[in-house]
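For reference, the chains in residue letters:
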Amino acid sequence: MSFIAKIIGTGAYLPERVLTNRDLEQMVETSNEWIVTRTGIEERRIARADEYPSTMGVEAAKRALADANIAPEQVDLILVATLTPDYIFPSTACLIQHAIGAKRAAAFDLQAACSGYLYALSMAKAFVETGAYCNVLVIASEKLSSITNYKDRSTCVLFGDGAAACVISAQGEGLAIEAIQLGADGEQANLLMMPAGGSRNPPSVETLAQELHFIKMAGNEVFKHAVRRMESACKDCLDRIGLVEEDVSWLIPHQANLRIIDAIANRFKHLPEERIFKTVQKYGNTSASSVGIALDELLKKARLKAGENILLTAFGGGFTWGAAVLRSVGERYA
Ligand code: ACO
C-alpha cells in the first residue's frame, strides 16, 4: 500500500506585542531608514515574559488541528523545530503533547535553525509515507527575543517571535509534499551561532559577562551563503520531480531579509514579483517558524486552484538549508 503525505491543515500564532523600528531607535543607535533599506523589516512581534515556544506552539497547533479537522487524540507524532526550546530538556514537543492532550502521540524536538520547518516536514513525510504514522503534527516555534542582545544593533533589529504548525497526513485533501531537498555545511558553523549554554560552554559567570548567550552572526557572510544555497536547493528540488520555474505558482523563501528575498527572486526570472510571498516586513526573521507562518498566511489569503505548486525554501545556522515543493490536490481547490 502506498501513502502520499499531505499538509491537511495549517495554523500560526504571533504574539500581540509589536516592536517597531521607531521603538528600536530608542534602544540602540539605529534608524528606521537603515533598517528598512538594509532589511525591509518595519516591525516584529515580541512574546510576553510568560509566553514560551511551548505556549505559542500550542496555539499554532490548535489552529492547525482545527483547520485539518483532526482531534488531538488522533495525532501519532509531534515534531517541534526550535532553536529556542523552553528547556534543553524535556523537549518542547513533550510540553505541547501534554498541553493539547495528544495522549497517543510520540514527541520530540529537532534543531536545524531557520531550516527547521523544512527539516521537520521532511521527517513527517518519511514517517507518513513509510506507513509508520498516519497523522504527524509539525510545529515550529521560536522566542528569539530570549537570545537576542538588545544592545547589539547588528542583530537586534532582525529577529521576532512566533509559531507555525501543520498537520501532515496520509488521509484527506491538502498540499501533497511532492519533494524535499535538504543540505548542511557544518564547516560554517561559527558564522551563525549562540556560543554558550550548551555543554561546551555551560552557563557561568564568565559566559554571562562575555555575553555568550546571545545570537552571534557574521551578517555579510551569512547573506552570501543564504542566497546561493536557497537558489540551488530550489532548482535541485524542482529538477528532482521534473518541474521548471514556470510550473511554480508561489515561492515562499525564508523571511530573513528583503534583500536576500529579492536576490533569490532575481534568479527566478519567470516568476512574477507578486508571486513571491513576503511577511518579513511585519514579523522580521522568526527562524524555524518563518516559512510556516508565511505558508499559513498565503493559504488563508490566496484561493489556490487544484494543481498549483508552492515552492518553499529556507536557510539557517549550521549552516542548514532546504527547499520543498507542495502541490494542491483535491476538490477543496476546485
Ligand atoms: N543600524 C545602523 N547601522 C548599522 C546597524 C543598524 N541596526 N547594523 C549594522 N550597522 C552598520 C555597521 O556597523 C556597518 O557600519 P560601518 O560600515 O561603519 O562598519 C554598516 O552598518 C554596514 O554593516 P553590514 O553588516 O555590512 O550591513 P549589511 O548590509 O550586510 O546588512 C544584515 C547587515 C542586515 C545583518 C545582513 O548582512 C543580513 O541580513 N545578513 C543575513 C542574515 C540572515 O539571513 N540570517 C539567516 C539565518 S538567521 C538564523 O539562522 C537564526
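Residues numbered from 1 in each chain as written. Predicted model: local features only at pLDDT ≥ 70, side-chain atom pairs only at ≥ 80, totals over all residues. Heavy atoms only, no water.

For the ligand, the set of nearby residues contains 24 residues, the closest of which are T30, R38, C114, R153 and N257. Residue G219 places a main-chain N or O atom 3.0 Å away from a nitrogen atom belonging to the ligand. One of the backbone N or O atoms of G317 is found 3.1 Å from an oxygen atom in the ligand. In isolation the ligand has 1000 Å² of accessible area, and contact with the protein removes 75% of it. For the shell around the ligand, the secondary structure elements donating two or more residues are α2 (32–39), α6 (153–156), α8 (219–240), α9 (258–266) and β12 (309–316). (Near = heavy atom within 4 Å. Polar contact = N/O pair within 3.5 Å; in protein donor to acceptor, adjacent residues only side chain to side chain. Areas by Shrake-Rupley, 256 points an atom, 1.4 Å probe, with all protein chains shown as cover. Helix = DSSP H or I, 4+ residues; strand = E, 2+ residues; numbered from the N terminus.)

Turning our eyes to something else, we now look at the pairing of strand β8 (residues 174–184). Taken across its 11 residues, β8 has 8 buried, putting it largely inside the fold. Note that strand β1 (residues 6–13) and β8 share 2 bridges and pair antiparallel. Within the sheet, the bridge partner assigned to I7 lies in β8 and is L175. Relative to strand β13 (residues 320–329), β8 runs antiparallel, the two sharing 10 bridges. (Buried < 20%, exposed > 50% of the residue type's maximum accessible area, 1.4 Å probe, protein only. Pairing = 2+ DSSP bridges.)

Here we take up unusual backbone geometry. Here F89 and P90 are connected by a cis peptide whose omega angle stands at 5 degrees. Residue position: P90 is located in the loop between β4 (77–81) and α4 (92–100). F319 follows G318 through a cis peptide bond whose omega is -15 degrees. Its place among the elements puts F319 in the loop between β12 and β13. You will see that E211, though not glycine, has its phi angle at about 55 degrees, which is positive. Of note, S287 is a non-glycine position whose phi angle comes to about 55 degrees, a positive value. Locating S287 in the fold gives a position in the loop between α10 (280–283) and α11 (290–301). Its relative accessible area of 3% is what places S287 among the buried residues.

What follows covers the domain arrangement of the protein chain. Segmenting the protein chain into domains produces domain 1 (6–173) and domain 2 (178–333). With 48 residues of domain 1 at the contact, the number on the domain 2 side is 50 residues. Among the residues of domain 1 in contact with domain 2, C114, L118 and E173 are the three that bury the most area, contributing 18% of the side total. Where domain 1 touches domain 2, the interface holds 1 salt bridge. K151 is the salt-bridge partner of E211, the closest N and O atoms lying 2.9 Å from each other. At the surface where domain 1 touches domain 2, the tally comes to 26 residue pairs in polar contact (both at pLDDT 80 or more). A per-element tally of the side of domain 1 that touches domain 2 places helix α5 (residues 116–129) first, with 7 residues. A class-by-class count of the residues in the side of domain 1 that touches domain 2 yields 22 nonpolar, 14 polar and 12 charged. (Domains from an automatic or database assignment. Contact = heavy atoms within 4.5 Å. Buried area = accessible area lost by both parts, 1.4 Å probe. Salt bridge = Lys/Arg side-chain N within 4 Å of Asp/Glu carboxyl O. Nonpolar A, V, L, I, M, F, W, Y, C, P; charged D, E, K, R; others polar.)

With respect to the helices and strands, I261 occurs in helix α9. Assessed through its relative accessible area of 1%, I261 is described here as buried. Here the alpha-carbon distance between I261 and T10, two residues 251 residues apart in the chain, equals 23 Å.

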